[in-house]
Amino acid sequence: MKELVEVIAKALVDNPDEVVVTEKTENKNTVIELHVAASDMGKVIGKQGKIAKAIRSVVKAASSKDDIRVDVEIV
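Bear in mind that the values here come from a model prediction, so they are computed numbers and not experimental data.

A.B. asks: Looking at this model, I keep getting lost on the pairing of strand β2 (residues 29-35). Mind explaining?
C.D. replies: Regular strands show a simple pattern: their side chains alternate between the two faces of the sheet. Note that strand β1 (residues 20-26) and β2 share seven bridges and pair antiparallel. Pairing of Glu26 across the sheet is with Asn29, part of β2. What sits between the antiparallel neighbours β1 and β2 is a turn of two residues, in which Asn27 has the positive phi angle 55°. Here β2 runs beside strand β3 (residues 69-74); their pairing, made up of six bridges, is parallel. Within β3, the residue paired with Thr30 across the bridge is Val70.

Below is the structure:
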């Protein structure tokens with residue numbers, strides 16, 4: 001899932017070198033933290049959070065077959 005979030009984020013931002021994705025796993029819960037440059041934050045979040053919601057939906061759909069819960073946090 002970490003790679004999926006990283007690919008999506010790098011396609012959206014102007015500074016793909018500053019995209020950092022970390023993954024923390026506890027039992028069946030995984031938290032993926034996405035760090036981007038301050039100037040790219042709006043591009044990742046989108047108007048009214050629509051892009052962030054879309055990223056979370058894609059990750060949720062991809063993780064459903066593995067029977068784990070994945071949360072994406074944009075930091």
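There's plenty left to go through after this.
A.B. asks: What is the right way to look at the sheet that holds β2 in this model?
C.D. replies: Whenever strands of a sheet pair, they do so through backbone hydrogen bonds, lying parallel or antiparallel. Spatially, three strands are ordered β1-β2-β3 in an open sheet, and the strand pairing comes out mixed. Looking at which strands have only one partner, the edges of the open sheet turn out to be β1 and β3. Along the sheet, successive strands turn relative to each other by an average axial angle of 20°, direction set aside.

A.B. asks: Teacher, can you tell me more about the environment of Lys60 here?
C.D. replies: Positionally, Lys60 belongs in helix α3 (residues 50-63). Separated by 13 residues in sequence, Lys60 and Lys47 place their C-alpha atoms 21 Å apart.

Cut-off values and rules
- Numbering of residues begins from 1 in every chain and follows the order in which that chain's sequence is written.
- This being a predicted model, a pLDDT of at least 70 is required before a residue's local features are given, and a value of 80 or more before pairs of side-chain atoms are given or counted; all residues contribute to the totals for chains, interfaces and linings.
- Neither water nor hydrogens contribute to the side-chain values; these are computed over all heavy atoms in the structure.
- When DSSP finds at least two bridges between two strands, those strands are taken to pair.
- For the purposes of this entry, the term helix denotes a DSSP run of H or I that reaches at least four residues, the term strand denotes a run of E that reaches at least two, and both are numbered from the N terminus.
- Throughout, an axis means a line fitted to C-alpha atoms (over the contacting stretch in the case of helices), and angles, computed between N-to-C directions, take values from 0 to 180 degrees.

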